[in-house]
Each structure stands twice: as C-alpha cells, then as structure tokens.
Amino acid sequence: MPRGRYSLHDPHDHSPLGEERFHCAPGPSGWRYVSQLTAPSGTPTGSVDLAIDDLGRPIRLQLQSSDWQVRGAALDGVTWVRTDPTGEHATEGNVRAHAFSGASPAFYVAISRLLRLSPGGESLRVRLVAFTPPVLAPLTLDQSWALVDRTAHATDNGPLEVDEYQVSHLDTGERHSVHLAGDVVLSAPGIELEELDGPPSSWARP
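Residues numbered from 1 in each chain as written. Predicted model: local features only at pLDDT ≥ 70, side-chain atom pairs only at ≥ 80, totals over all residues. Heavy atoms only, no water.

Peer 1: Describe the overall build of the protein chain, and please don't skip the residues or the numbers.
Peer 2: Assigned secondary structure in the protein chain consists of one helix and 15 strands. Oriented by its inertia axes, the alpha-carbon framework of the protein chain measures out at about 55 × 40 × 40 Å. Burial analysis of the protein chain (206 residues in total) assigns 43% to the buried set. Counted over contacts in the protein chain with a minimum sequence separation of 6, partners at least 24 positions apart contribute 39%. Of the roughly 10600 Å² of accessible surface on the protein chain, a fraction of 50% belongs to carbon and sulfur atoms. Taking the average location of the 16 positive side-chain charges in the protein chain and that of its 26 negative ones, the two points are 7 Å from each other. (Helix = DSSP H or I, 4+ residues; strand = E, 2+ residues; numbered from the N terminus. Buried < 20%, exposed > 50% of the residue type's maximum accessible area, 1.4 Å probe, protein only. Contact = heavy atoms within 4.5 Å. Areas by Shrake-Rupley, 256 points an atom, 1.4 Å probe, with all protein chains shown as cover. Lys, Arg positive; Asp, Glu negative; His and termini not counted. Charge placed at Lys NZ, Arg CZ, Asp CG, Glu CD.)

As structure tokens, then:
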C-alpha cells in the first residue's frame, strides 16, 4: 500500500498551493485512493476518496473542499450530488461521460486504468466531468490520451516501469505529459511526488 506526499503548485506561475498526503491500494473489486489536502500554511483544505472497479470505472467519489462536497459514481454515464457550504441545498448532475477528473493526482491514475493503453498505440478520446477546488463546480471536458513511452528503471525491489502519457485538451489544444509508475504519479502539471513509503502497486497489462 503506497503512502506518500505530493506537493501542489500552480502550473503557470509555480506558486505553491499546498500538499496532498495520500495512501492507495488495489483491492478485491478495484483500487482505492484516500488523501488529505493542506494549504501552504498547513491548514486543512479538503479531502479525496476515490474508488474504481477493475475496469477503471468510478464506483464512488467523495470530494471535500472549502465546505463544498461532491459525491458521485458511474451511473448512466457519471452522476453526482454537489452540496453548498451551508448544507441547505444540493444540486444533482448527470453527464454521458466516462469518468471524473479534478486537481488530485488520483484522477490521472484512474483514467489511465480506464483506458488501458499500450505503448506506441493510437490515442483514445475520453469525456470527463472535472471538479476543481475551491468550489468544486462541475466542468465537462474532452481529452485525448496516448501512451508514448514505457521505460524500466532498476530499483532495489526490481525493475520499476514508468509510463509517459501525452494528454491533449481537445477544447483548447493544450498538451502536457504525465509520468506514472503503477498507481503513483511521478510528475504532472502542478504535481510533484515528494515522499513515497512503499513501492507503487502494479497494474495488470492489457
């Protein structure tokens, strides 16, 4: 069960946004990721609890940020309930999308599991509903993912395979790279892995 810490920063001006301390592990029905977020001052700012099934579909999502809360799952596409800070009102949403996305590294891992790409193969298009802090407002977006390289690195625990994905935002044309080792994000825009206790969990290859 990997445990660790990501540092989060603005991908444009690199100003620090805080930290995300996490643990994650595969289970009998898929994979689960749990984390706590803090501001640069150390003040708690939110949490993430994401569970996916063996096919990479989100079977449970719980987000909390600045008193806003989202609960969601794969149902007729993806379905969610978003609650305002007062707790008095809740709004429901449903979109014919494949999965959820957001600021947490967990979503990169979950989407890669959903797509199960092969190195050098064709890219796949995916429709996502993204929730970003601080208010977790839903945004539907389309991305294209391609697995451009897989490299084995020698470690004390044996070879560690690192996958490099190219992610293209189809609405803006922007592209960026994401490096994953199993169920751990090594680097992505605005995300750096600072600490890791235990090796990443490996996926079954397609």
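Peer 1: Account for the nonpolar core, with residues named and values stated.
Peer 2: In terms of nonpolar packing, the biggest core is built from 46 residues, with Phe131 and Trp145 touching the most fellow members. Considering each element in turn, this core owes the most residues, seven residues, to helix α1 (residues 106-115). Apart from the residues lying within four places of it in its own chain, the contact partners of Phe131 are Leu61, Leu63, Val70, Trp80, Phe100, Ser101, Gly102, Ala103, Leu136, Ala137 and Pro138. (Core = buried A, V, L, I, M, F, W, Y, C linked by side-chain atoms within 4.5 Å.)

Peer 1: Which residues make up the pairing of strand β10 (residues 124-132), and what values go with them?
Peer 2: Strand residues, when the strand is regular, have side chains that alternate between the two faces of the sheet. Sheet analysis places strand β9 (residues 99-102) next to β10, joined by four bridges and oriented parallel. Counted as the bridge partner of Ser101 is Ala130 from β10. Handedness of the crossover joining β9 and β10 through α1: right-handed. As defined by bridge partners, β10 adjoins strand β11 (residues 137-153) across nine bridges and the pair is classed as antiparallel. The residue bridging Leu124 from the neighbouring strand is Trp145, located in β11. Taken together, β10 and the strand that follows it, β11, pair antiparallel across an intervening segment of four residues, in which Leu136 is found at a positive phi of about 55°. (Pairing = 2+ DSSP bridges. Right-handed = clockwise from strand over helix to strand, strands pointing away.)

Peer 1: Hey, could you go over the environment of Thr172 for me, with residue numbers and the actual values?
Peer 2: Position of Thr172 relative to the elements: it lies in the loop between β12 (160-169) and β13 (175-181). It is 28 Å that separates the C-alpha atoms of Thr172 and Leu37, two residues lying 135 residues apart in sequence. At a separation of 3.3 Å, a polar atom in the side chain of Thr172 contacts the main-chain amide nitrogen of Glu174. (Polar contact = N/O pair within 3.5 Å; in protein donor to acceptor, adjacent residues only side chain to side chain.)

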